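Analysis of the macromolecular model
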Amino acid sequence: MANTKRLDISKITEKSPYQDITPGNSVYGGGGAVTFNTGEWRTMTPVIDWDKYKQCLLCAPMCPDSSIPVKDGKRLDFDLDHCKGCGICAGSCSFGAITMKEGL
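A few points on the structure. Only a predicted model underlies this, so the values are computations on that prediction, with no experimental measurement involved.

With respect to the overall build of the protein chain
- Check the secondary structure of the protein chain and you find 2 helices and 4 strands.
- Listing the helices and strands of the protein chain from first to last along the sequence gives β-α-β-β-α-β.
- Counting only residues that meet the buried cut, the protein chain has 29% of its 104 residues in that class.
- For the protein chain, contacts bridging at least 24 residues in sequence account for 54% of all contacts bridging at least 6.
- Element-wise, carbon and sulfur atoms account for 55% of the exposed surface of the protein chain, whose accessible area totals about 7,100 Å².

Listed below in structure tokens is the structure:
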């Protein structure tokens, strides 16, 4: 019978015995950036200048981590728990409202 721990990646940790790890570390269960704060290793952080920002929303769909929330047609501040600091948002901003800062 298959080990049921293998079906739920939230039960697999760095201390799990090899028998509980999925073959090839394949992900069989739910999980991902929503479940885990994946922004912890970020070295560059996006910073928005709200005075320059025009609410064009072009940055939001460009973010590969969905770290730019939009609510009621308005962009909110960055979700830094999940942002990995790739800088794609800064590169897509035609108004220069987003810059990347080291650390933060």
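Details of the packing of aromatic side chains
- The final tally for this structure, using the stated rule, is 1 aromatic pair.
- Here the aromatic rings of W50 and Y53 are separated by 5.7 Å at their centres, their planes lie at 75 degrees, and the arrangement is edge-to-face.
- Above the ring of Y53, the side-chain terminus of R75 is found at 5.4 Å from the ring centroid.
- The ring of F78 is capped by R75, whose NZ or CZ atom sits 4.2 Å from the centre of that ring.

A few points about the environment of H82
- Within the fold, H82 resides in the loop between β3 (74–75) and α2 (88–92).
- Here the alpha-carbon distance between H82 and G39, two residues 43 residues apart in the chain, equals 4.3 Å.
- A distance of 2.7 Å separates polar atoms of two side chains, one belonging to H82 and the other to D79.

A short note on the nonpolar core
- Among the nonpolar cores identified, the biggest contains 12 residues, and these are I48, Y53, C59, A60, C63, I68, F78, C89, A90, C93, A97 and I98.
- Of all the secondary structure elements, the ones that give two or more residues to this core are α1 (59–62) and α2.
- In contact with F78, not counting residues within four places along its chain, are P46, V47, I48, S67, I68, C89 and I98.

Rules of the game
Residues numbered from 1 in each chain as written. Predicted model: local features only at pLDDT ≥ 70, side-chain atom pairs only at ≥ 80, totals over all residues. Heavy atoms only, no water. Helix = DSSP H or I, 4+ residues; strand = E, 2+ residues; numbered from the N terminus. Buried < 20%, exposed > 50% of the residue type's maximum accessible area, 1.4 Å probe, protein only. Contact = heavy atoms within 4.5 Å. Areas by Shrake-Rupley, 256 points an atom, 1.4 Å probe, with all protein chains shown as cover. Phe/Tyr/Trp six-rings, centres within 6.5 Å; stacked < 30°, edge-to-face > 60°. Lys NZ or Arg CZ within 6 Å of the ring centre and 35° of its normal. Polar contact = N/O pair within 3.5 Å; in protein donor to acceptor, adjacent residues only side chain to side chain. Core = buried A, V, L, I, M, F, W, Y, C linked by side-chain atoms within 4.5 Å.

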